[in-house]
Amino acid sequence: MAIEFKAVSYEYSPNTPFAYVALKNINLSIQVGKITAIIGATGSGKSTLVQHLNALLIPTQGEVVVLDKTLYAHSKNTQLKALRQKVGLVFQFPEAQLFEETIEKDVGFGPKNFGVPPEEIKQRVIDSLKMVGLDETYLDLSPFELSGGQKRRVAIAGILAINPDVLVLDEPTAGLDPQGAQQMMALFVNLNRTYQKTILIVTHNMEQVLDYADDVVVMEKGEVVSQGKARAFFKDKELLDRLDIVAPPVVTLRDQLMGNGFTLSEDAFDLDTIAREIAREVGHE
Amino acid sequence: MIVSIKNLNFAYDESNPTIKDLSLGIKKGSYNTIIGHNGSGKSTIAKLLLGLLEKQSGTIEIDGQELTDKTVYLIRDKIGIVFQNPDNQFIGSTVRDDIAFGLENHQVDPKDMDAIIMEFAGQVGMLDFLEHEPTKLSGGQKQRVAIAGVLAMHPDILILDEATSMLDPKGKKEVNDLVRSIYETEKTTIISITHDIEEVSGSDYVFVMSQGQLAMEGKPQDILLRKQELFDLSLDVPFSVKVSDAFKRQGIHFTQELDLEGMVRELWQLNSKQ
Amino acid sequence: MSNIALGRYIPYDSLLHRLDPRIKISAMFLYLIAVFLPVGFLGYGILGAVLLLGVLMSKIKLSFILKSMRPMLFMLIFLLIINVFVIKTGVPLFSVLSLTVYSDALIQVFYIMVRLLLMITVTTILTATTKPLDLTLGIEDLLGPLKRFKVPAHEIAMMISIALRFIPTLIDETYRIMKAQASRGVDLKEGKMREKVMGILSLIIPLFVSSFQRAEDLADAMEARGYFPGKTRTRYKQLKIKRADILFLMFTGTVLAGMIVLVIL
């Protein structure tokens, strides 16, 4: 079981004046069971990359291995629906995909399409709504009556109800207020820890990468320029500078403290650990 | 006071009013931020100020002139606004045409338009993009075009209604830097509705909205230290406050909680004393 | 979408590109009148030659225009069959099975096809050489005299130009929602009829919702920037008739006059 890109290239509108190569010779291996962040500037190919994971896009060169399925360029790939059941993709601003009269029907739309028996659908709907923090009183409401943040939760529940093994999220917290964003990220961590879901998150938010992701994939102009552990990435000052990425404030604080002669352990990447270590150093407690 | 709101009430839905008996005043030439969780009514204020929504009761005065059906067009001339979604406010089919749109509405002589367009496209750094279509621009570039279109009308007040919330970090920085420079060079009154707590730190005055009412107001250095209240309103606190909190739990208290470098200095002094 | 030739602007710099949109629209109408006169083989020969001259002047490749003709092949066959069955005048030419084909049937089909060909070519030239916005301005000016009869020429033009501005945005949006619903198992290719209907609904409803949201945002943005329907505005793009424009219109007028003479004689 793996997720792997082998020499993958993707070109939009090939053989037309509008042809555009969005991915160039991508070799990438994503750990199953982890949270991986995919970062990079707008237009660097992040969204194109993740759309290969559930075969919305098929590589124009190379192959993509997703769990037990391999997608090949230049060949007819069949049974894509089975793959889409295993890999749930949540687009940016997913609330745009709501359309049913009730939340129950909308969340149940995916499972129904994938042939889940009707008696099971209702339970799945209730469970997935619960995961996103909404109770049964929401079932009969129209999704269009909800606030923006609630709509997004319902849309995400609609993907969770399909019960995918891999969940891919394209900027899931864009436009949410800080607490809404934090709750959303806590949800994904819970899905990963409690339900062993593999999570991929496309994000611009470096604090989220540092706080929640195990691994990080960095894209630039259609190429993968770095992949590895998230913390190691933020220690590589040269790479950060070259990619024009502003490190999260915790990393900056670490640097400032170490620049002032303090020593911090490799794991000290959250405020409480940093404060504890510094307090020990200056002789408090 | 360039903006003066008294006992303002508004509801989209009668049973659940969006703005409840709100009163506030904004000083001319100041940089103001309005914060509040989603649904707190902060964006509604912007639309009420421009008369895009009709208030139910209360008064709004802009630069000494009361907002009524008769004065609404005069008042809109004094206020420029940049909305959240960069796509839904780009009216022209090119950057040039979009900046021209406002000029046409204000019956500027077409002969003068080219010079004006060049001036303001230059000010927002979009001179090289005049013939570009919106689909070929980034979110940050589109918002800069929106700002150019607004500046060309010489507004006394510039409102940013979550104008950076849909942008990537680069776009966010471009727009924030631009607004900062407009504030400093043109002395335009800025009202920025935002979730960006670091932008709040840099403003002159902050209004905190909750459930259609003003929960707090004051200078950022006072408001941002009221951690528990901000937390209860689902709002974030600046990073430096989080740092100071973490150290407080270890028994280390700083004299200054909003200045990160100062805090590191204090720690350094503690260390060298030891 | 990239294969549609009809109605697409091709950014070249040619004599035709530089002409005033009002002149081009008017000339197109004069030409179309000529096309619908019964001018006979000679007339169509001349009209075709004139149009070929236009294509050359526009620098647009003939293959580009021919591409937009391809869907008409089906129509040609359809027309041929109908006419062969219906028209029984003229000289009997030959028989297939028990059906006799008469000369008038073929002539009739020929005329219809030539007219369609000329019509499509002339509109393709117009849209390929005129920016959508200029086309809108041209329409607005030509509708101008109708303002006296309460025809809202300016508002019509504004509507057209906003629609043109939002087409690419809506196409992007459509693709995005299609992919989002495909991720939820919508299968428009292989599903059952009922599933397909649901699939289409799952695309159309979100598109409606987002279009209304966009319309509302856009209305706010326009009003905030001082737009008010019916209010006097100035216009940035000023259209100016040049000598080439007058000559071009006179030439087209002459062609029409020539055709009229041809019909009367």
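Basis of the calculations
- Residues numbered from 1 in each chain as written.
- Chains lettered and ligands numbered in written order.
- Predicted model: local features only at pLDDT ≥ 70, side-chain atom pairs only at ≥ 80, totals over all residues.
- Heavy atoms only, no water.
- Contact = heavy atoms within 4.5 Å.
- Buried area = accessible area lost by both parts, 1.4 Å probe.
- Salt bridge = Lys/Arg side-chain N within 4 Å of Asp/Glu carboxyl O.
- Helix = DSSP H or I, 4+ residues; strand = E, 2+ residues; numbered from the N terminus.
- Domains from an automatic or database assignment.
- pLDDT = per-residue confidence, 0-100.
- Polar contact = N/O pair within 3.5 Å; in protein donor to acceptor, adjacent residues only side chain to side chain.
- Nonpolar A, V, L, I, M, F, W, Y, C, P; charged D, E, K, R; others polar.
- Pairing = 2+ DSSP bridges.

Describing the interface of chain C and chain A
Here is step 1 of the chain: Taken together, the contact between chain C and chain A spans 20 residues of the former and 25 residues of the latter.
Here is step 2 of the chain: Each partner contributes to the roughly 1900 Å² buried at the junction of chain C and chain A, and carbon and sulfur atoms together form 62% of this total.
Here is step 3 of the chain: Contact with chain A buries area across many residues of chain C, yet Lys179(C), Ser183(C) and Arg184(C) alone supply 39% of it, more than any other trio.
Here is step 4 of the chain: The tally of links from chain C across to chain A stands at one salt bridge.
Here is step 5 of the chain: Of the charged contacts in the structure, one is a salt bridge between Arg184(C) and Asp106(A), with a shortest N-O distance of 2.9 Å.
Here is step 6 of the chain: Mapped onto the side of chain C that touches chain A, the elements with two or more residues apiece are helix H8 (153-183) and helix H9 (193-224) of chain C.

A few points about the domain arrangement of chain C
Residue and element names in this part refer to chain C.
Here is step 1 of the chain: If you check the domain split of chain C, you get domain 1 (15-140 + 241-264) and domain 2 (153-224).
Here is step 2 of the chain: For domain 1 and domain 2, the distance between their C-alpha centroids amounts to 35 Å.
Here is step 3 of the chain: Across the boundary between the two partners, domain 1 contributes five residues, which contact six residues of domain 2.
Here is step 4 of the chain: Taken together, the connections running from domain 1 to domain 2 amount to zero salt bridges.

Topic: the confidence of the model for chain C
Here is step 1 of the chain: Summing up the model confidence of chain C, the mean pLDDT is 87 and the portion of residues at 70 or higher is 97%.
Here is step 2 of the chain: Taken over the whole predicted complex, pTM reads 0.87, whereas the ipTM for its chain interfaces reads 0.90.

Some remarks on the interface of chain B and chain C
Here is step 1 of the chain: In this assembly, 36 residues from chain B lie in contact with 26 residues from chain C.
Here is step 2 of the chain: Interface area for chain B against chain C, summed over the two sides, is near 2700 Å², with a carbon-plus-sulfur share of 53%.
Here is step 3 of the chain: Three residues stand out in chain B for area buried against chain C, namely Asn88(B), Ile91(B) and Asn105(B), and they jointly supply 23% of the buried area on that side.
Here is step 4 of the chain: There are four salt bridges connecting chain B and chain C.
Here is step 5 of the chain: Salt-bridge contacts for Asp220(C) lead to Lys47(B); the nearest nitrogen and oxygen are separated by 3.5 Å.
Here is step 6 of the chain: Linking chain B with chain C are 18 residue pairs in polar contact (both at pLDDT 80 or more), by the criterion used here.
Here is step 7 of the chain: With 10 residues, the single largest contributor to the side of chain B that touches chain C is helix H3 (residues 95-105) of chain B.
Here is step 8 of the chain: Split by residue class, the side of chain B that touches chain C holds 17 nonpolar, 11 polar and eight charged.

Re the pairing of strand E1 (residues 3-12) of chain A
Residue and element names in this part refer to chain A.
Here is step 1 of the chain: In terms of strand pairing, E1 meets strand E2 (residues 20-30) through seven bridges, oriented antiparallel. When the sheet's bridge partners are listed, Glu 11 is paired in E2 with Val 21.
Here is step 2 of the chain: As paired strands, E1 and strand E4 (residues 61-66) are joined by five bridges and run antiparallel to one another. Residue pairing across strands places Lys 6 opposite Glu 63, the latter belonging to E4.

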